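Examination of the molecular architecture
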Amino acid sequence: MTLQDLGSLGELVGAIATVATLAYLAIQIRQNSKHMQEATNLAKLHASDRTFDTFSKYRDRLIVPENAELFIRGIDSYGSLDKAEKVRFRAIMEECFFAVSLMLQREKNGMYDHAALAAQLEDLELLIKRPGVAEWWERWKHTFGQDLIDAVESGRVAERSLT
């Protein structure tokens, strides 16, 4: 075997090794992509579960008769509530508004479906139109994230629910 033959054999072995390496990398990338998609789907599922839990807390508060009565009076006139009632009403409203705020954030990060968010935004739109809620919002809006404040203040709650 000549030196030229050995060089040609080396090139052949190198080419085979390159093809094998590329095939291995393609398999690894495919597996990694599959794992990343599974992780993304799991994260979206957990985000939905956390949102459901948050709204469950809100609903649990409202099934207590005293809280339901307080809610009805509060949405009509926040100012007419006494100090203790205002504290309870604030807790009820914060459960709802923080849940929607989290949904907006999750949607922004691609972790929540817009169609699922739309119904909650429509409910928020109806709620914020009530005089007591509007009064409460003006007093406590600073406790929420800027995304929710912007959505409520600019009227995007209604716009976003239609898109």
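Now for a description of the structure that goes with this document. (Residues numbered from 1 in each chain as written. Predicted model: local features only at pLDDT ≥ 70, side-chain atom pairs only at ≥ 80, totals over all residues. Heavy atoms only, no water.)

Focus on the overall build of the protein
- Assigned secondary structure in the protein consists of seven helices and zero strands.
- Mapped from its N terminus to its C terminus, the protein presents α and β elements in the order α-α-α-α-α-α-α.
- Per-residue burial over the protein gives 29% buried out of 163 residues.
- For the protein, long-range pairs separated by at least 24 residues make up 66% of all intrachain contacts whose partners lie at least 6 apart in sequence.
- Of the roughly 10,400 Å² of accessible surface on the protein, 60% is carried by carbon and sulfur atoms. (Helix = DSSP H or I, 4+ residues; strand = E, 2+ residues; numbered from the N terminus. Buried < 20%, exposed > 50% of the residue type's maximum accessible area, 1.4 Å probe, protein only. Contact = heavy atoms within 4.5 Å. Areas by Shrake-Rupley, 256 points an atom, 1.4 Å probe, with all protein chains shown as cover.)

Side note on the pattern of salt bridges
- Within this structure, the stated rule accounts for seven salt bridges.
- Here Lys 141 makes a salt bridge to Glu 138, at a shortest N to O gap of 3.4 Å.
- Sharing partners across several salt bridges, the network here consists of Glu 69, Arg 73 and Glu 85. (Salt bridge = Lys/Arg side-chain N within 4 Å of Asp/Glu carboxyl O.)

Let's talk about helix 5 (residues 131–140)
- Of the positions making up helix 5, those classed as buried are Gly 132, Val 133, Trp 136, Trp 137 and Trp 140. Relative to the axis of helix 5, the buried residues are bounded by an arc of 135 degrees and lie together on one face. Exposed and facing more than 90 degrees away from the buried side of helix 5 are Pro 131 and Glu 138.
- Tucked into the core, helix 5 has its buried residues touching helix 2 (65–76), helix 3 (83–108), helix 4 (114–128) and helix 6 (146–153). (Arc of directions from axis to C-beta.)

Comments concerning the packing of aromatic side chains
- The tally for this structure, following the rule as stated, stands at nine aromatic pairs.
- Summarising the aromatic geometry, the rings of Tyr 78 and Phe 89 are spaced 5.8 Å apart at their centres and angled 40 degrees between planes, so their arrangement reads as tilted. Residue Tyr 78 is located in the loop between helix 2 and helix 3, and its partner Phe 89 is located in helix 3; the two are separated by eleven residues in the primary sequence.
- Relative to Phe 144, the ring of Phe 98 lies with its centre 4.5 Å away and its plane at 45 degrees, an arrangement referred to as tilted. (Phe/Tyr/Trp six-rings, centres within 6.5 Å; stacked < 30°, edge-to-face > 60°.)

Digging into the nonpolar core
- Counting residues in hydrophobic clusters, the biggest one holds 29 residues, and the most contacted among them are Phe 89, Phe 97, Leu 127, Val 133, Trp 136, Trp 137 and Leu 148.
- Taken together, the elements giving at least two residues each to this core come down to helix 2, helix 3, helix 4, helix 5 and helix 6.
- Looking at this core, the element that brings in the most residues is helix 3, giving eight residues.
- If sequence neighbours within four positions are ignored, Trp 137 has contacts with Phe 97, Ile 128, Phe 144, Leu 148, Ile 149, Val 152 and Glu 153. (Core = buried A, V, L, I, M, F, W, Y, C linked by side-chain atoms within 4.5 Å.)

It is worth stressing that arrangement in space is one thing and function is another; only the former is reported here.
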